[in-house]
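One-letter residues, chain by chain:
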Amino acid sequence: MSRTLRLALFGHPVEHSLSPQIHRRFGQQLDIDLSYQAIDCTAAEFGPRFAAFIVGGGSGANLTVPLKHAGLGVCQQIDAGARAARAINTLVRTDHGWYGHNTDGPGLLLDLDNLGIPIAGRRILILGAGGATAGILGPLLGAKPALVTVLNRTGARAEALAGKFAQRGCIVGGGFEQADDLSGFDLLLQATSSGHDSVLPPLRRGWLTAEAAAYDLNYGPAHRAFAAWCDENGLACHDGLGMLVGQAALAFEIWTGQRPQTAPVQHALRQRNA
Ligand code: ATR
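As the structure is a prediction and not an experimental result, all values here were calculated from the model.

Student: Talk me through the packing of helix α1 (residues 19-30) against helix α9 (residues 263-272); I want residue IDs and the actual numbers.
Tutor: Relative orientation of the contacting elements α1 and α9 amounts to 135°, with a least axis distance of 10 Å. Between α1 and α9, the crossing angle belongs to the class labelled oblique. For α1 against α9, the interelement crossing comes out right-handed. Contacts between α1 and α9 pair Gln 21, Ile 22, Arg 25, Phe 26 and Gln 29 from the former with Pro 264, Val 265, Ala 268, Leu 269 and Arg 272 from the latter. Broken down by class, the residue content of the contact of α1 with α9 amounts to 6 nonpolar, 2 polar and 2 charged.

Following this line, the structure appears as structure tokens:
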């Protein structure tokens, strides 16, 4: 007898999240019967809402802002990536309790690989030193770039993050005011949340090589200002929809043991939300 896989996304806000659509499409693709509910809750509400989800037969969940850190508190086991990022985006029920993972960084790498953007031996410039950057640094450094430089409005935050990951590769951090002499980067990763206010962090074309690529971890309206700047400056630019679908595919694989194809789902989402 087939049993419906009960999945949910917890976070705030979640009403515009694309994750329910993505996981529904993955389920159809692999013929897996599932329900995927978006549950709007704050950090204070998370404990009781998650407990109710378990009682209702929930066996897997995603966490988004502001609950990725709170997720650490409900796990009996945590994988190395989530531990390093101090953030969980995927929870799976196992025989030994709840196991926490972070598929954000691996999801970005999956998308960069799909796009043909190499990391090994390359110089990477990251703008922003918040939760999004913390989530991707471990996997990114694991792909052996020549250098990762993190720039942030609050320089001390970038310095602290670089210090935390210093043993994993060549990484430095600082404030935008220290960026005057930077050059020669092959990839620009836009990981600030400034696009949500339709503003840009300080950007300079001179930081990047002629053939460099730009990738924004944001998508939709929050990506528009950055996309326009890339366009004006002749830079190949990608939004973070592929990373969103990539992290979802890796979560889906954790829950079901099967990796769905990302390209058809990404294509459908772009058409539907165009
Ligand atoms: P997230 O989880 O999306 O990374 P966060 O942890 O709140 O969210 O971090 C937001 C990031 O965007 C930070 O790097 C923040 O810079 P500060 O650390 O100085 O706050 C950056 N950011 C937000 N608004 C910005 C703006 N208008 N200009 C430049 N950077 C901005």
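Student: Please give an account of the site of the ligand that cites residues and values.
Tutor: In the region of the ligand, 13 residues are neighbours, and Gly 131, Asn 152, Arg 153, Thr 154 and Arg 157 sit closest. Ala 129 is positioned with one of its backbone polar atoms (N or O) 2.9 Å from an oxygen atom of the ligand. At 3.0 Å, a backbone N or O of Ser 193 approaches an oxygen atom of the ligand. In isolation the ligand offers 650 Å² of accessible surface; the protein chains occlude 74% of this area. Residues of the shell around the ligand, tallied by class, amount to 3 nonpolar, 8 polar and 2 charged.

Rules behind the numbers
- Residues numbered from 1 in each chain as written.
- Predicted model: local features only at pLDDT ≥ 70, side-chain atom pairs only at ≥ 80, totals over all residues.
- Heavy atoms only, no water.
- Axes fitted to C-alpha atoms, helices over the stretch in contact; angles between N-to-C directions.
- Helix = DSSP H or I, 4+ residues; strand = E, 2+ residues; numbered from the N terminus.
- Parallel < 35°, antiparallel > 145°, perpendicular 65-115°, else oblique.
- Left-handed = near helix turned anticlockwise from the far one by under 90°.
- Contact = heavy atoms within 4.5 Å.
- Nonpolar A, V, L, I, M, F, W, Y, C, P; charged D, E, K, R; others polar.
- Near = heavy atom within 4 Å.
- Polar contact = N/O pair within 3.5 Å; in protein donor to acceptor, adjacent residues only side chain to side chain.
- Areas by Shrake-Rupley, 256 points an atom, 1.4 Å probe, with all protein chains shown as cover.

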